[in-house]
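# Geometric and topological summary
Listed below, chain by chain, are the residues.
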Amino acid sequence: MSEHVPHHHHRDEEDGPRPRLIAVASQNGRTVTPHAGRTRRFLLFTADADGAVAEAGRYELPKAMTLHGWPRSRPHPLFCVDVVVVGGAGENFRNTLAEAGVRTLVTPDLPVGEAAARAVADAAGAR
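Everything in this summary refers to the structure shown in the same document. Note on numbering: residues in each chain are counted from 1, in written sequence order. Local features are withheld for residues below a pLDDT of 70 in this predicted model, meaning they are given only at 70 or higher, and side-chain atom pairs are given and counted only at 80 or more; totals for whole chains, interfaces and linings count all residues. Calculated side-chain values reflect all of the structure's heavy atoms, with hydrogen atoms and water omitted.

### Regarding unusual backbone geometry
Although it is not a glycine, D109 adopts a positive phi angle of roughly 60°. Strands are runs of DSSP state E lasting at least 2 residues, helices are runs of H or I lasting at least 4, and numbering of each runs from the N terminus. Within the secondary structure layout, D109 lies in the loop between strand 5 (103-106) and helix 2 (112-125). What makes D109 exposed here is its relative accessible area of 73%. A 1.4 Å probe rolled over the protein chains alone gives each residue an accessible area, and that area as a share of the maximum for its type sets the label: buried under 20%, exposed over 50%, partly exposed in between.

### Describing the nonpolar core
Nonpolar side chains in soluble globular proteins tend to be buried together. The nonpolar core is taken to be a set of buried Ala, Val, Leu, Ile, Met, Phe, Trp, Tyr and Cys residues, with the residues joined through side-chain atoms within 4.5 Å. Grouped together as the largest cluster of nonpolar side chains are 20 residues, with contacts concentrated most on F42, Y59, L78, V81, V84 and L97. Broken down by secondary-structure element, the contributors of at least two residues to this core are strand 1 (21-25), strand 2 (41-47), strand 4 (83-86) and helix 1 (91-99). Residues in contact with L78, not counting those within four places in the same chain, are A23, F42, Y59, L67, V84, L97 and V102. By size, the runner-up hydrophobic cluster in this structure holds 15 residues, among which are F45, L105, A115 and V120. By the convention used here, residues are in contact when the closest approach between their heavy atoms is within 4.5 Å.

### Observations regarding the pattern of salt bridges
By definition, a salt bridge exists where a carboxyl oxygen of Asp or Glu is found within 4 Å of a side-chain nitrogen of Lys or Arg. Tallied over the entire structure, the rule returns three salt bridges. R58 serves as the salt-bridge partner of E55, at 3.5 Å between the closest nitrogen and oxygen. We classify E55 as partly exposed; its relative accessible area is 48%. The exposure class of R58 is partly exposed, given its relative accessible area of 27%. A salt bridge links E60 to R58; the nearest nitrogen and oxygen atoms lie 3.8 Å apart. Accessibility expressed as a relative area gives 26% for E60, which makes it partly exposed.

### A short note on the pairing of strand 5
At least two bridges found by DSSP between two strands are what make those strands a pair. Alignment of strand 4 against strand 5, held across four bridges, turns out to be parallel. By the bridge assignment for strand 5, V84 is matched with T104. You can see the chain leave strand 4, run along helix 1 and come back into strand 5, and the turn it takes is right-handed. Handedness of a crossover: with both strands directed away from the viewer, a clockwise path from the first strand across the helix to the second marks it as right-handed.

### Considering the pairing of strand 2
Burial within strand 2 is extensive, with five of its seven residues counted as buried. Pairing of strand 1 with strand 2 involves five bridges; the strand directions are antiparallel. Counterpart to I22 in the pairing with strand 2 is F45. Where strand 2 meets strand 3 (residues 53-60), seven bridges bridge the pair, whose relative direction is antiparallel. Within strand 3, the residue paired with T46 across the bridge is A54. Between strand 2 and strand 3, which pair antiparallel and follow one another directly, the connecting turn spans five residues, one of which, G51, has a positive phi of 90°.

Below, the structure written as structure tokens:
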């Protein structure tokens, strides 16, 4: 991974459902990648209490760490985020993240910053 985002417990009860750490699948660094299971590049965004998002780093995963075929019993960097935003995701991808307590949001054809903001807005609407 090219940048490390510290693993922290981010699901505090008082925080409510608003995501604090969002990973957006993006092979090109500009738009959401459609094939999530084989994606190796994720831009990371944080959200403040008001829902404003800011880029916070990135995951550049080795090929062996794509979620396609990743054993659910092993830790994975994506398991420490609140939401993973992708252009498309199969059932295995969604189930693997759900078992780790991570939501999947499918938003094809969006710029990465917009996609992260959508994840925060969708969570706020679910309250």
